[in-house]
Amino acid sequence: MTQDLEGGCACAAVRYQLVSLPMFVHCCHCRDCQRQTGSAFVLNALIETDRVAVLSGNPEPVAVPTDSGRPHQIYRCPSCKVAVWSIYGGVHKLLFVRIGTLDDPAALTPDVHIYVRSKLPWVALPGGTPSFDAYYDSRKLWPQASLERRRAIFG
Ligand SMILES: [Zn+2]
Ligand SMILES: [Zn+2]
């Protein structure tokens, strides 16, 4: 399954592979994500930085302002400037990989919908997937194996 989890930017200078499944997948409907993508929401796979193999290219960080004031760096292809992942809060061991850049973006589906308070009104959420007005408590929602991986990052 993980051999399918390759992706890259539009010009193919940046290519990467997720070497395991992510810990959890967010669909975020917050205003920051809407602005930064120019779209209705963003799809982020949360995965350890050392489980993302950069096959080619060198994504470069761009700091963006956030509504919360927490630091957020978007990593973009130096050539075509497509965003491939983000680092939030200066936590460099954890990447938020943009699922739309996978060669098969259907390979991963959201485990949770967050910041639904600013969801665009025409977006209908699937039944059975948890959704929250704002953020949520990962301890209550993540599988045990993912929580253990998360603990390895944050201690
Ligand atoms: Zn590119
Ligand atoms: Zn967001």
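Residues numbered from 1 in each chain as written. Chains lettered and ligands numbered in written order. Predicted model: local features only at pLDDT ≥ 70, side-chain atom pairs only at ≥ 80, totals over all residues. Heavy atoms only, no water.

> Where do I start with the nonpolar core in this structure?
One recurring pattern in soluble globular proteins: nonpolar side chains tend to sit buried together. Formed by 19 residues in total, the largest nonpolar core has its most connected members in Tyr16, Leu18, Val52, Trp85, Val97 and Leu108. Looking at this core element by element, the count peaks at 3 residues for strand S8 (residues 83–88). Those residues in contact with Val52 that lie beyond four places of it in its chain are Tyr16, Gln17, Leu18, Ile47, Trp85, Leu95 and Val97. By size, the runner-up hydrophobic cluster in this structure holds 16 residues, among which are Cys30, Cys33, Leu46 and Tyr136. (Core = buried A, V, L, I, M, F, W, Y, C linked by side-chain atoms within 4.5 Å. Buried < 20%, exposed > 50% of the residue type's maximum accessible area, 1.4 Å probe, protein only. Helix = DSSP H or I, 4+ residues; strand = E, 2+ residues; numbered from the N terminus. Contact = heavy atoms within 4.5 Å.)

> Looking at this structure, how should I read the sheet that holds strand S10 (residues 112–114)?
The strands that make up a sheet are held in pairs by hydrogen bonds between backbone atoms, and each pair lies either parallel or antiparallel. Reading across the sheet, the 7 strands line up as S6-S7-S8-S9-S4-S3-S10 and stay open at both edges, with mixed pairing between neighbours. Only two strands of the sheet have a single neighbouring strand rather than two, namely strand S6 (60–63) and S10. Strand after strand, the sheet turns through a mean of 30° between neighbouring axes, direction not considered. Pairing geometry for S6 and strand S7 (residues 72–76), over 4 bridges, is antiparallel. Counterpart to Ala63 in the pairing with S7 is Gln73. (Pairing = 2+ DSSP bridges. Axes fitted to C-alpha atoms, helices over the stretch in contact; angles between N-to-C directions.)

> Is there a simple way to think about the coordination of the zinc ion (ligand 1) in this case?
In ideal tetrahedral geometry, four donors around a metal make angles of 109.5 degrees, whereas ideal octahedral geometry with six donors gives angles of 90 or 180 degrees. Only Cys9 (SG), Cys11 (SG), Cys77 (SG) and Cys80 (SG) from the protein coordinate the zinc ion (ligand 1), and they sit 2.3 Å from it. Seen from the zinc ion (ligand 1), its 4 donor atoms lie at angles of 104 to 115°, and the figure they make is tetrahedral. Counting the intervening residues between successive donors of the zinc ion (ligand 1) yields the motif C-x1-C-x65-C-x2-C. (Donors = N, O, S within 2.8 Å, 3.2 Å for Na, K, Ca; no water. Tetrahedral: all angles 85-135°; square planar, octahedral: opposite > 155°, others 65-115°.)

> What should I look at first to understand unusual backbone geometry in this one?
Negative phi characterises most residues that are not glycine, and trans characterises most peptide bonds. One non-glycine residue, Lys81, lies in the positive phi region at around 70°. Relative to the helices and strands, Lys81 resides in the loop between S7 and S8. Of note, Tyr115 is a non-glycine position whose phi angle comes to about 55°, a positive value. Its location among the elements puts Tyr115 in the loop between S10 and helix H2 (138–141). By relative accessible area, which is 23% here, Tyr115 ends up partly exposed.

> Whenever I open this one, the pattern of salt bridges confuses me. Can you help?
Pairing between side chains of opposite charge can happen when the charged atoms of each approach one another. Applying the stated rule across the entire model yields 8 salt bridges. Linking Glu6 and Arg15 is a salt bridge whose minimum nitrogen-to-oxygen distance equals 3.3 Å. Looking at Arg15, the relative accessible area reads 22%, which means it is partly exposed. The salt bridge involving Arg139 is made with Asp137; its shortest N-O contact spans 3.1 Å. Asp137 gets classed as partly exposed once you look at its relative accessible area, which sits at 26%. Each of Glu6, Arg15 and Asp103 takes part in one network of salt bridges that share partners. (Salt bridge = Lys/Arg side-chain N within 4 Å of Asp/Glu carboxyl O.)

By themselves, these observations are geometric and do not establish any function.
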